Amino acid sequence: SGARPAELARTRTTCGYCGVGCALDVLTRGEEVVAVVPAHDGPVNRGHACVKGRFAHGFRTSPERLTRPLLRRGGVLEPVTWAEALGHVARGIRSAVAAGGPDAVAAISSARATNEENYLLQKFLRTVVGTNNVDNCSRLCHAPSAAGLTAAFGLSGGTDSFDDVERADCLLVVGANPVEAHPVVGARLLQRVLRGARLVVADPRAIGLAHHADVHLRPRPGTNVALFHGLAHVLLAEGLADGEFLRRRATGLPELAALLTDYPPDRVAAITGVPAGDVVAAARLYGQAGRPAIVYGLGVTEHLHGTDGVRALANLAILRGAVGTGRGFGVNPLRGQNNVQGASDMGALPDLLPGYQRVTDRAARERAARLWRAEIPAEPGLRIPQMFAAARAGDLRVLWIVGEDVCATDPDTTRVAEALETCPLVVCNEVFLSETARRADVVLPAASWLEKDGTFVNFDRRFQRVRPALDPPGRARADFAIIHGVADALGAALGCPTPAAALAECAALVPLFAGISHERLDREGAVCWPAPHRDRPGEARLYRERFATPDGLAHLAACPYLPPGESPDDHYPLVMVTGRRWAHYNSGSMTRRTRNLRLDADDRLDLHPDDAARHGLLDGDPVIVESRHGRARLTARTSREVAPGQVFCAFHFPASGVNTLTSDLGDTVTSCPEYKVTAVRLRSAASG
Ligand code: SF4
C-alpha cells in the first residue's frame, strides 16, 4: 500500500563456483537476485560467464537453507542460539585439548571460503589451539600441482597468465575438460584454436576439445607419466630441446636423459595404449611450436603418482625452454574450485604457513610468532586423510569442517562417515544440511559466496574482491564471523576484526602478497601475486630472471613410471574415471537447488556401446556399479566419448554414492586421492 519497490542494486563480485574467477555484477532488488551479469571489464571473463556463474543462484532462497545453528541432542539436530552452539564448540575444544593435547583438534578449511576466512582459521588453529592440524580440499585436487610445480620451478602456482596462454601457437591440454568444467577458459582456448593454434589433447575421453585437436592422445588411466616421458624422449631424440636454456637455466638433464632411454615411443605405446605414431606427432607439434603452452587439470593430479605426473609434464616445458623466457607459456593448472589457490596461499595447510613458508623453518615460524604473538608448533599437522584415520583410531576429538561435504566428495565415503561417527565432536559450517552436516554434532549456518566480503585467488594467481550482494538469510553468518565467534567463546583474541584487516595482516607477513590490499583491489580490480610492492603491478609471468628454487634453476625430474594403485581384473574388469559436468558443481549442493537441475538431473554412467551391449544395458537403464570399496546406483548412458573398458561419471548427486566406489589410495607425495582410476564392475539394476 504505497510502499515503493526496492531499488535495483548492483554489486561487483567474483564467481563462487570454479577457479576461473569470472567477475560478475549481481543485480538485486531487496532480498531477491534479479540477474547475474558477467562483467565486460572482468579481467578473465571479459563479458562472458557460464551456466553456473550466470544462472545457478536460486539456491540462495531455497527453503532448505540453514538459517539457525543446530546442536545434536539425544541423537537429533535441534535449533539453538548462537551462544549455545558456540559455547558447546568452545567447551568441546577445551576438553579435547585437556584430554589429548592440541593435536586432538583439527580443521578442514575450504576452497569455498575467502582468503581472509582461510587465513583466520589457520591462525585460530595455530595460535589459539596450538596445532598445525589444518588442511584444505586442495589435498583432494591440486596438492600434486603445489608439490610438483614448487619442486620444478619454486612457486606453487601456474607459471603464466592466461592472457599469455591465449597467444600460444600450440596448446597441450592434458587431463582437463575445460569446455564443461571451466567453460569460460574452454571457450577462450577454443577461440585460440579456431584462430590457428595447433592443439594436442591428452585425455582418455573424447572430450569436446578433442574434436578440434590435431592429435588426441588417449592414454589408459594411470599411465600419464609414461606418456609424458615418451613425449620428452622424442623431444630429445629429434633435437627439439632448447640446449642453451638447459645449459643456463635448468638442472637434472643427465639423469632425465638416462631415464628417457627407457621410454621410446613403442614402449610408451605398450604401456599407455597410445599409438607410437601419435606420441611422435604430438611431440613434434609441441617441440616445433614457437610459443607452446601446457594447460592441465585433475586428470594429471588425482593419481597415485600425481606429483610425478606434474613433474613429468613440467619436464616438457623445461626441455623446450618454454617457461620463464617468453618463448612459450609454461605449465598452467586449471584450478577446480573458486578459491583453491587462495586457501593454500593463506596457509590452510598442515606443513605450510601463509605464503608457503614451512612450519619446520624456524625463521618462518618466528616471523609469524612475532606478528601473531603466539608460539607456532614446529611439527607439521595432519593431512585430511590422516585426520579421518586419527578420528577412527580415537586420537582426534574435535573435527571442524568448514564448507566441505566430505561425506560426498572425499574418496571411500563409507570410511569417512565412520571417522565422523567415531569423532566425539564434529562441527560443520554449512549452507545446506549436506551429507556431512547431517552427521555433525554442531551445524553452524554459513553465508554463501553471494553474501560474503573478502577476496578469492583464481587459477592464474589473481586476487579479486568478493562483495556481499545480500545479507545471509535468517541467523546465518559468514565463516569469518563464525571463526571469530568460536575464538571469542574460548576467550581468545584473534585480531583481524575485518576481512580487510585480515588480508592486511597476511600481506605484512608474506612478501609475495605485500602489495595487495582490499583498497588496492577496489581501485584496480585484480592483482596477480607475487605482488611485493604496492605501487607496482603483480607478476603475471613468473621466472623471467631466475626460478624461485634455492639454486635459481628449473629442475627436471627423472621419476620412473609406476603403475596406478588400482587395476582392473576378472572381478572388476572396467576402469572408472570421475569428473565434472557442465551444469553442476562438485557435490551439487548449490547447483542442484537451482534451475540448472533441469539441464542435468542425475549422475549418469557413460559407457561405450560395446560394454553396454555386453552388460545388456540400454540408455536410461538403472545400473549398479560396484568397486572393491562400495556400490553406487546410476543411470546408464551409452557414449563413444569413453573408450571401451572405461566408464565415466560425475559426483554431483551424493545420493547416487559415486564416492563410495573410489579408494583411499593417494598420491605418494601429497595424499591426493586416486579418483581417476577405480576398478569397477556393472550389473543391470533391473535384474535385481
Ligand atoms: Fe566463470 Fe567458472 Fe563461474 Fe562459470 S563457474 S562463471 S567459468 S568462474
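Residues numbered from 1 in each chain as written. Predicted model: local features only at pLDDT ≥ 70, side-chain atom pairs only at ≥ 80, totals over all residues.

> So what about the domain arrangement of the protein chain? Which residues, and what values?
Domain parsing of the protein chain yields domain 1 (8–61), domain 2 (75–140 + 364–528), domain 3 (153–338) and domain 4 (574–687). Using C-alpha coordinates to define each centre, domain 1 is positioned 32 Å away from domain 3. If you look at the interface, domain 1 gives twelve residues, while domain 3 gives twelve residues. (Domains from an automatic or database assignment. Contact = placed C-beta atoms within 7 Å.)

> Would you mind going over the site of the ligand in detail, with residue names and values included?
If you check the shell around the ligand, you find 14 residues, and the closest are Cys 15, Cys 18, Cys 22, Cys 50 and Gly 53. Of all the secondary structure elements, the ones that give two or more residues to the shell around the ligand are α1 (51–55) and α7 (183–194). For the shell around the ligand, the residue count by class is nine nonpolar, four polar and one charged. Looking at which domains feed residues into the shell around the ligand, each of domain 1 (8–61) and domain 3 (153–338) gives three or more. (Near = placed C-beta within 6 Å. Helix = DSSP H or I, 4+ residues; strand = E, 2+ residues; numbered from the N terminus. Nonpolar A, V, L, I, M, F, W, Y, C, P; charged D, E, K, R; others polar.)

> Could you give an account of the pairing of strand β3 (residues 32–38), with specific residues and numbers?
Bridging between strand β2 (residues 23–29) and β3 involves six bridges; their strand directions are antiparallel. By the bridge assignment, Val 26 is partnered in β3 with Val 36. Hairpin connection of β2 to β3: two residues between the antiparallel strands, including Gly 30 at a positive phi of 60°. (Pairing = 2+ DSSP bridges.)

> Describe the sheet that holds β3, and please don't skip the residues or the numbers.
Here we have three strands laid out as an open sheet, ordered β1-β2-β3, and antiparallel in their pairing. One side of each edge strand has no neighbouring strand; the edge strands of this open sheet are β1 (8–14) and β3. The sheet shows a mean angle of 25° between the axes of neighbouring strands, direction not considered. (Axes fitted to C-alpha atoms, helices over the stretch in contact; angles between N-to-C directions.)

> Quick rundown of helix α17 (residues 384–392)? Include the residues and the values.
Those residues of α17 that fall on the buried side of the exposure criterion are Ile 384, Pro 385, Met 387, Phe 388, Ala 390 and Ala 391. Against the buried residues of α17 lie β6 (105–108), β7 (134–135), β16 (398–402) and α19 (413–422). Directly after α17, the chain includes Gly 394, whose backbone phi takes a positive value near 85°. (Buried ≥ 20, exposed ≤ 12 C-beta atoms within 10 Å, placed from the backbone.)

> Please set out the packing of α17 against α19 residue by residue, giving values where relevant.
Where α17 contacts α19, the axes come no closer than 8 Å and their chain directions differ by 55°. Overall, the two elements α17 and α19 adopt an arrangement that is oblique. As α17 packs across α19, the resulting crossing turns out to be left-handed. Residues Phe 388, Ala 391 and Arg 392 of α17 touch α19, and the partners they reach there are Arg 415, Val 416, Glu 418, Ala 419 and Thr 422. Among the residues forming the contact of α17 with α19, the class breakdown is four nonpolar, one polar and three charged. (Parallel < 35°, antiparallel > 145°, perpendicular 65-115°, else oblique. Left-handed = near helix turned anticlockwise from the far one by under 90°.)

> Outline the sheet that holds strand β19 (residues 454–457), listing residues and values.
Each strand in a sheet pairs with its neighbour through backbone hydrogen bonds, running either in the same direction (parallel) or in the opposite one (antiparallel). Spatially, the three strands line up as an open sheet ordered β19-β20-β21, and their pairing is antiparallel. Sheet topology places β19 and β21 (526–528) at the edges, where each strand pairs with a single neighbour. Along the sheet, successive strands turn relative to each other by an average axial angle of 30°, direction set aside. With three bridges connecting them, strand β20 (residues 462–466) and β21 associate as antiparallel partners. Counterpart to Phe 463 in the pairing with β21 is Val 527.

> I'd love a proper account of the confidence of the model for the protein chain, names of residues and values included.
For the protein chain, the average pLDDT comes to 92, and 99% of its residues sit at 70 or higher. For this predicted complex, the interface score ipTM comes out at 0.99, while the overall pTM is 0.91. (pLDDT = per-residue confidence, 0-100.)

> Can you break down the pairing of strand β13 (residues 329–333) residue by residue, with the values?
Most of β13 is tucked away: five of the five residues are buried. Here strand β12 (residues 292–296) runs beside β13; their pairing, made up of four bridges, is parallel. If you follow Val 295 over to β13, its bridge partner there is Asn 332.

> Tell me about helix α11 (residues 265–272), residues and numbers included.
All of the buried residues in α11 are Pro 265, Val 268 and Thr 272. All buried residues of α11 lie within an arc of 60° about the axis, which places them on one face of the element. Of the residues in α11, the exposed ones pointing more than 90 degrees away from the buried face are Asp 266 and Ala 270. At its buried positions, α11 is contacted by α8 (224–237) and α12 (276–288). At the exit of α11 stands Gly 273, carrying a positive phi of roughly 80°. (Arc of directions from axis to C-beta.)

> Outline the environment of Leu 298, supporting the account with residue identities and numerical values.
By the secondary structure assignment, Leu 298 is in helix α13 (residues 298–301). The class for Leu 298 is buried, based on 27 C-beta atoms found within 10 Å. Residues Leu 298 and Thr 13 lie 285 residues apart in sequence; the distance between their C-alpha atoms is 26 Å. If near-sequence neighbours (up to four positions away) are discounted, Leu 298 is found in contact with Cys 141, Gly 175 and Gly 336.

> I'd like to hear about unusual backbone geometry, residue by residue, with values.
For the bond running from Trp 529 to Pro 530, omega is 0°, close enough to zero to count as cis. Mapping Pro 530 onto the fold places it in the loop between β21 and β22 (554–555). Here the phi dihedral of Arg 373 falls at roughly 55°; this positive angle occurs in a residue that is not glycine. Checked against the element boundaries, Arg 373 lands in the loop between α16 (362–372) and α17.

> Before we move on, can you summarise the environment of Val 44 with the specific residues and values?
By secondary structure assignment, the location of Val 44 is in the loop between β3 and α1. Residue classification places Val 44 among the buried positions, given that 25 C-beta atoms sit within 10 Å. Each C-alpha atom, one on Val 44 and one on Val 185, is 8.2 Å from the other, the two residues being 141 residues apart in sequence. Apart from residues lying up to four places away in sequence, Val 44 is in contact with Val 20, Gly 21, Cys 22, Phe 162, Val 184 and Asn 458.

> I'd like to hear about the packing of α8 against α12, residue by residue, with values.
Interhelical geometry of α8 versus α12 gives an angle of 65° and a closest axis separation of 9 Å. For α8 against α12, the interelement crossing comes out right-handed. Residues Gly 230, Leu 231, Val 234 and Leu 235 of α8 form the contact with α12, whose own contacting residues are Val 279, Val 280, Ala 282, Ala 283, Tyr 286 and Gly 287.

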